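# Architecture at a glance
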Amino acid sequence: MECTVSWTGSNAVNGSKSGMTFLAETGSGHTLVMDGAPDAAKPENGGANLAPRPMETVLAGAGGCTAYDVVLILKRGRHDVRGCSVRLSSERAPVDPKIFTKIHMHFVVTGHGLAASAVERAIAMSHDKYCSASIMLGKTADITTSFELVDISA
């Protein structure tokens, strides 16, 4: 896997590179824009709130990774899964490096006739075995999960 991240934050007023916007070009041919947080004390060192922060993309990546696993595990088990979302909340260390110290993942899984035990098992399998992102983040953060089921008619 490869990715190239380039600083693109030129200042529209004077053309200088004083913004904190970055463009990631992934090996699969996609692009992702990231921006730093605005800095009121030194605006030239801050972002312009044009895109997600880099650490937000890390959190989003973990959510995407685990949601993918949960859906795939349920589908492979021939469960009638129709939707899956995961809401992530996190806490970070107060000083640099501001790593994630706690992450909570709350899943909302929609389907017809889904058993809570099947959803719980899929989440556990993702958390313990398949989701590279959350397993990696679990080396520094306490990761907890919860879920709710939304049953819809066939």
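The structure under discussion appears in the preceding block.
This one's a predicted model, so the numbers in the text were calculated from it and none came from an experiment.

This part takes up the sheet that holds strand β5 (residues 100-112). Taken in spatial order, the three strands of this open sheet run β4-β5-β6, and their pairing is mixed. One side of each edge strand has no neighbouring strand; the edge strands of this open sheet are β4 (80-92) and β6 (142-151). Sheet twist, expressed as the average angle between the axes of neighbouring strands with direction ignored, equals 15°. Contacting β5 and β6, helix α2 (residues 116-130) crosses the sheet at an angle of about 150° to β6.

Time to look at helix α1 (residues 54-76). Helical periodicity: at 3.6 residues per turn, an α-helix aligns residues three or four positions apart in one direction. With 23 residues, α1 should cover 33 Å at 1.5 Å per step; its first-to-last C-alpha distance of 33 Å lies within 8% of that length. Of the residues making up α1, those classed as buried are T57, L59, A62, G63, T66, A67, D69, V70, I73 and L74. Its buried side turned inward, α1 meets β3 (31-35), β4, β5, α2 and α3 (132-137). Taken from the residues just after α1, R78 is the one with a positive phi, measuring 60°.

A word on the environment of A115. With respect to the helices, strands and loops of the structure, A115 is situated in the loop between β5 and α2. Linking A115 and D151, residues 36 residues apart in sequence, is a C-alpha distance of 9.7 Å.

Sheet topology places β4 next to β5; 12 bridges connect them, and they run antiparallel. Bridge assignment links C84 to a residue of β5, and that residue is V109. As paired elements, β5 and β6 share 10 bridges and run parallel to each other. By the bridge assignment for β6, K102 is matched with D142.

Before going further, it helps to examine the packing of aromatic side chains. The full count for this structure, using the stated rule, is zero aromatic pairs. The lysine or arginine in question, R92, covers the ring of F100, its NZ or CZ lying 5.9 Å from the ring centre.

This part covers α2. Along its 15 residues, α2 runs 20 Å from first to last C-alpha, staying within 8% of the 21 Å computed at 1.5 Å per residue. Looking at the buried positions of α2, the neighbouring elements they touch are α1, β5, α3 and β6.

The rules behind each value
Residues numbered from 1 in each chain as written. Predicted model: local features only at pLDDT ≥ 70, side-chain atom pairs only at ≥ 80, totals over all residues. Heavy atoms only, no water. Pairing = 2+ DSSP bridges. Helix = DSSP H or I, 4+ residues; strand = E, 2+ residues; numbered from the N terminus. Axes fitted to C-alpha atoms, helices over the stretch in contact; angles between N-to-C directions. Contact = heavy atoms within 4.5 Å. Expected span 1.5 Å × (residues − 1). Buried < 20%, exposed > 50% of the residue type's maximum accessible area, 1.4 Å probe, protein only. Phe/Tyr/Trp six-rings, centres within 6.5 Å; stacked < 30°, edge-to-face > 60°. Lys NZ or Arg CZ within 6 Å of the ring centre and 35° of its normal.

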